[in-house]
Amino acid sequence: MSGLGRWSLGIGAGLLVVAVLCSASNLIPAAVITGLTGVVALVMAGYDAVYTWLERADLRRRGARARREGRGHRGP
């Protein structure tokens, strides 16, 4: 996960905590706004984590393919 993803995860979690506290204090409009913003930040963090995971998986596949092709090739 990149730095932006980690930052989004921390901000999103903090905003959801604030939303719960606002909801408990009957500040419903503030709870809705902070809750939605927190969910958007968590979605950004999740997207970043999946993107990073897929990128690493692609690099592993390419490396395995290069190793397989390198072993089968006999040079002069």
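As a reminder, the structure under discussion sits directly above these lines.
Residues numbered from 1 in each chain as written. Predicted model: local features only at pLDDT ≥ 70, side-chain atom pairs only at ≥ 80, totals over all residues. Heavy atoms only, no water.

Caption draft 1: Quick peek at the overall build of the chain. Per the secondary structure count, the chain includes two helices and zero strands. A principal-axis box enclosing the C-alpha atoms of the chain has dimensions of 80 × 15 × 10 Å. Burial statistics for the chain: of 76 residues in total, 18% are counted as buried. Intrachain contacts of the chain at a sequence separation of at least 6 include 59% that bridge at least 24 residues. As presented, the chain carries roughly 5900 Å² of accessible surface, and 68% of it is formed by carbon and sulfur atoms. Distance from the positive charge centre (10 side chains) to the negative charge centre (4 side chains) of the chain: 9 Å. (Helix = DSSP H or I, 4+ residues; strand = E, 2+ residues; numbered from the N terminus. Buried < 20%, exposed > 50% of the residue type's maximum accessible area, 1.4 Å probe, protein only. Contact = heavy atoms within 4.5 Å. Areas by Shrake-Rupley, 256 points an atom, 1.4 Å probe, with all protein chains shown as cover. Lys, Arg positive; Asp, Glu negative; His and termini not counted. Charge placed at Lys NZ, Arg CZ, Asp CG, Glu CD.)

Caption draft 2: Expanded view of the side chain of T34. As for its position among the elements, T34 is in helix 2 (residues 28–72). A relative accessible area of 16% means that T34 is categorised as buried. At 2.8 Å, the side chain of T34 forms a polar contact with the backbone oxygen of A30. (Polar contact = N/O pair within 3.5 Å; in protein donor to acceptor, adjacent residues only side chain to side chain.)

Caption draft 3: Representation of the side chain of S8 in the model. On the secondary structure map, S8 appears in helix 1 (residues 3–24). Not counting residues up to four positions away in its chain, the partners in contact with S8 are A41, L42, M44 and A45.

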